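In case you want the letters, here they are:
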There are 2 protein chains.
Amino acid sequence: MFYCFRSKEGTGKIYTHREVTEVTSDIFDFCCNMTDEQDARARALIERAAAKWPLRILHVLSDAGAPLRFSRLLERVEGISQKVLTQTLRTLESDGLIIRTLYPEIPPRVEYELTPLGRDLLMQVVTLWRWIVERLDDFDARKAVKLTAAV
Amino acid sequence: MFYCFRSKEGTGKIYTHREVTEVTSDIFDFCCNMTDEQDARARALIERAAAKWPLRILHVLSDAGAPLRFSRLLERVEGISQKVLTQTLRTLESDGLIIRTLYPEIPPRVEYELTPLGRDLLMQVVTLWRWIVERLDDFDARKAVKLTAAV
DNA sequence: CAGAATCCTAATAGATACTG
DNA sequence: CAGTATCTATTAGGATTCTG
């Protein structure tokens, strides 16, 4: 998704900021100050979380307010295939966003539920989603203006 | 990316919230109150913006602090091909995130620059990115705990 | 210079059948 | 029930060539 936000001008130094973007410089200082390891890990993490289904699954789990079985998830996450659901749940689990609990009965029962981290990540993303929905009408080439003209 | 955050239980009603998720209910009320059109448009928009290259391109433009020519973008967005850069720029332009200016000289010169909307979207996303980087060590299955146990 | 057009591949998703 | 295994279809993206 986001891919490396660090500036990679050889040394990794950030490009010079002009007046017009000065307001954002602390944000990009943060990008610049990440270590290579942080950058790589965050990048991999977000690449996984921003894939087609993960956030939808987190939302369904949050909505349910209780652990859900595999088959319930398959019903509620409309359009997902069983294979992809399995794959995605495994990834979410290994990232610590959900917990998988196996009850060794016959037939087997498996329940998935959010972790606090998973819930918090979802809330962060919904905040971004809300920001976008509120400005939906602005995302239009006909309303585009140059930064320099606007400041 | 995020895909439909609305609950689609037939009528579109939101699932009942249990105590444990009550804190998030206003956020999900927002999801629930979106119209179908808002949902579809936001979904399409985010699907485009969350693709492999768009945010990287916005960041390079922001970093530059000035309009950049096509060939400069091709250099600075490391790893992108000419075809994909062209495609992505067209999409960003039609969403009002960047402005393309053609100077009809010979040879032709084309400059791309951020719009205020593009800059703001980038900042929103970087905010999310920062939130994630700060919690990077928590994204680990070994640290996962159940929500009910944690609250 | 800034692209358009074409061809090609590599990764993903979907569908289906099978199993502890 | 909750998967795994296998195959096919789709598609994003890369490499190359060409042009106003």
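Every chain begins its residue count from 1, and numbering advances along the sequence as written. Chains carry letters from A onward and ligands carry numbers from 1 onward, assigned in written order. Per-residue local features of the predicted model are confined to residues with pLDDT of at least 70, and side-chain atom pairs are confined, for both listing and counting, to 80 or more; whole-chain, interface and lining totals are unaffected and use all residues. Note: side-chain values were computed over all heavy atoms of the structure, leaving out hydrogens and water.

Peer 1: Even after reading the chapter, I still don't get the sheet that holds strand β3 (residues 109-114) of chain B, so can you show me in this structure?
Peer 2: Consider a sheet: its strands pair through backbone hydrogen bonds, and that pairing is either parallel or antiparallel. All names here are of chain B. Reading across from one edge, β1-β3-β2 is the order of the three strands in this open sheet, with antiparallel pairing throughout. The sheet is open, and its two edges are formed by β1 (68-69) and β2 (98-103), each paired on a single side. Relative to β3, β1 is paired through two bridges, and the arrangement is antiparallel. Opposite Arg 69, over in β3, you have Glu 111 as the bridge partner. In this description, contact between two residues means that some pair of their heavy atoms is separated by no more than 4.5 Å. Each axis is a line fitted through C-alpha atoms, and for a helix only the stretch in contact is used; angles between axes span 0 to 180 degrees, taken between their N-to-C directions. Working definition: helices are DSSP H or I runs of at least four residues, strands are E runs of at least two. Numbering for both runs from the N terminus. Helix α3 (residues 54-64) rests against β1, β2 and β3 of the sheet, and its axis sits at about 95° to β3. Here, a strand pair is defined by DSSP locating no fewer than two bridges between the strands.

Peer 1: I keep staring at the packing of aromatic side chains and nothing clicks. Help me out?
Peer 2: The way to describe two aromatic rings as a pair is by their centre distance and the angle between their planes. Put simply, two rings from Phe, Tyr or Trp (the six-membered ring, in Trp's case) pair if the centres are within 6.5 Å, and we call them stacked under 30 degrees between planes, edge-to-face over 60, tilted for the rest. In this structure the tally under the stated criterion is zero aromatic pairs over all chains. Cation over ring: A:Arg109 sits above A:Tyr103, and NZ or CZ is 4.0 Å from the ring centre. A ring is considered to have a charge above it if a Lys NZ or an Arg CZ atom is located within 6 Å of its centre and within 35 degrees of its normal.

Peer 1: I tried to follow the sheet that holds strand β2 (residues 98-103) of chain A on my own but got confused; where do I start?
Peer 2: Residue and element names in this part refer to chain A. Spatially, β1-β3-β2 is the arrangement adopted by the three strands of the open sheet, whose pairing is antiparallel. Each edge of the open sheet is held by one strand with a lone partner, namely β1 (68-69) and β2. Where β2 and strand β3 (residues 109-114) come together, six bridges link them in antiparallel fashion. Opposite Tyr 103, over in β3, you have Arg 109 as the bridge partner. Here helix α3 (residues 54-64) sits on the sheet in contact with β1, β2 and β3, set at roughly 95° to β3.

Peer 1: Mind showing me how you'd approach the packing of α3(A) against helix α6 (residues 116-134) of chain A here?
Peer 2: Helix packing for two helices is described by the angle between their axes and how far apart those axes are. All names here are of chain A. α6 packs onto α3 with a crossing angle of 115° between their chain directions and a minimal axis gap of 10 Å. Comparing the axis directions of α3 and α6 gives the class roughly perpendicular. Crossing of α3 over α6 shows left-handed handedness. Seen from α3, the contacting residues are Leu 55, Leu 58, His 59 and Ser 62; seen from α6, they are Gly 118, Leu 122 and Val 125. Broken down by class, the residue content of the contact of α3 with α6 amounts to four nonpolar, three polar and no charged. The labels follow the angle: roughly parallel below 35 degrees, roughly antiparallel above 145, roughly perpendicular from 65 to 115, and oblique for the rest. Whether a crossing is left-handed or right-handed is set by the direction in which the near helix is turned from the far one by less than a right angle, anticlockwise for left-handed and clockwise for right-handed. Polar here means any residue outside two lists: the nonpolar Ala, Val, Leu, Ile, Met, Phe, Trp, Tyr, Cys and Pro, and the charged Asp, Glu, Lys and Arg; Gly therefore counts as polar.

Peer 1: Even after reading the chapter, I still don't get the protein's contact with DNA strand C, so can you show me in this structure?
Peer 2: Taken together, 16 residues surround DNA strand C, and among them A:Lys83, B:Ser71, B:Gln82, B:Arg100 and B:Tyr112 come closest. Whether a residue is near a molecule or strand depends on its heavy atoms: if one lies within 4 Å, it is near. Backbone atoms, meaning sugar plus phosphate, form 63% of the atoms of DNA strand C positioned within 4 Å of the protein. The term polar contact refers here to a pair of N or O atoms within 3.5 Å; inside protein, the definition further demands a hydrogen-donor-capable atom paired with an acceptor-capable atom, and it admits residues adjacent in sequence only when both atoms are side-chain atoms. Residue B:Ser71 places a side-chain N or O atom 2.6 Å away from a phosphate oxygen belonging to DNA strand C. Here B:Arg100 contributes a side-chain N or O atom positioned 2.5 Å from a phosphate oxygen of DNA strand C.

Peer 1: Would you take a moment to explain the UniProt feature "domain: HTH hxlR-type" (unreviewed entry) in chain A for this structure?
Peer 2: UniProt positions are given in the numbering used here, feature names are shortened, and annotations may be inferred rather than shown by experiment. Mapped onto this numbering, the UniProt entry gives "domain: HTH hxlR-type" (unreviewed entry) at residues 32-140 of chain A. Structurally, residues 32-140 of chain A is divided into 61% helix and 13% strand, and its ends, taken at the C-alpha atoms, are 31 Å apart.

Peer 1: Please explain unusual backbone geometry as it appears in this structure.
Peer 2: Peptide bonds are mostly trans, and most non-glycine residues show a negative phi. The step from A:Ile106 to A:Pro107 runs through a cis peptide bond, and the omega angle for that step is 0°. Relative to the helices and strands, A:Pro107 is located in the loop between β2 and β3.

Peer 1: Any chance you could explain the protein's contact with DNA strand D here in plain terms?
Peer 2: Around DNA strand D lies a shell of 19 residues, among which A:Ser71, A:Gln82, A:Arg100, A:Tyr112 and B:Lys83 are the nearest. Close to the protein, within 4 Å, the atoms of DNA strand D are drawn from sugar and phosphate at a rate of 54%. In this structure, A:Tyr112 approaches DNA strand D through a side-chain N or O atom, which is 2.6 Å from a phosphate oxygen. A distance of 2.2 Å separates a base oxygen of DNA strand D from a polar side-chain atom of B:Lys83. If you list the elements that add at least two residues to the surface near DNA strand D, you get α4 (70-76), α5 (82-94) and β3 of chain A together with α5 (82-94) of chain B.

Peer 1: In this structure, what is going on with the side chain of A:Arg109? I would like to understand it.
Peer 2: Residue and element names in this part refer to chain A. Structurally, Arg 109 is set in strand β3. A distance of 3.1 Å separates the side chain of Arg 109 from the side chain of Glu 111, its partner in a polar contact. Discounting chain neighbours no more than four positions away, the residues touching Arg 109 are Arg 69, Thr 101, Leu 102 and Tyr 103.

Peer 1: Help me understand the nonpolar core, please; the structure alone is not making it clear to me.
Peer 2: For soluble globular proteins, nonpolar side chains are generally found buried alongside one another. Definition of nonpolar core: a set of buried residues of the types Ala, Val, Leu, Ile, Met, Phe, Trp, Tyr and Cys, connected through side-chain atoms within 4.5 Å. A 1.4 Å probe rolled over the protein chains alone gives each residue an accessible area, and that area as a share of the maximum for its type sets the label: buried under 20%, exposed over 50%, partly exposed in between. By size, the foremost hydrophobic cluster in this structure holds 77 residues, and its most contacted members are A:Ile57, A:Leu73, A:Ile132, B:Ile57, B:Leu73 and B:Ile132. The residues contacting B:Leu73, other than those within four sequence positions of it, are B:Ile57, B:Val60, B:Leu61, B:Leu68, B:Leu85, B:Leu89 and B:Tyr112.

Peer 1: What is the right way to read the confidence of the model for chain A from this model?
Peer 2: Predicted coordinates in regions of low pLDDT should not be interpreted in detail. The quantity known as pLDDT measures the predictor's confidence residue by residue, on a range of 0 to 100. Here chain A averages 81 in pLDDT, and 79% of its residues register 70 or above. Of the regions scoring below 50 in pLDDT, residues 1-23 of chain A engages in 69 contacts with residues more than four places distant in sequence or in other chains.

Peer 1: How should the pattern of salt bridges be read in this particular structure?
Peer 2: Pairing between side chains of opposite charge can happen when their charged atoms approach one another. We define a salt bridge as a side-chain nitrogen of Lys or Arg found within 4 Å of a carboxyl oxygen belonging to Asp or Glu. Applying the stated rule across the entire model yields 18 salt bridges over all chains. Across the salt bridge formed by A:Glu113 and B:Lys146, the nearest N and O atoms sit 3.6 Å from each other. Taken together, the residues A:Glu113 in strand β3 and B:Lys146 in the loop between α6 (116-134) and α7 (147-150) connect one chain to another. For B:Lys146, a relative accessible area of 29% translates into the label partly exposed. Here A:Asp120 and A:Arg119 are joined by a salt bridge, their closest N and O atoms 3.3 Å apart. Of the residues examined, A:Asp120 reaches a relative accessible area of 29% and is grouped as partly exposed.

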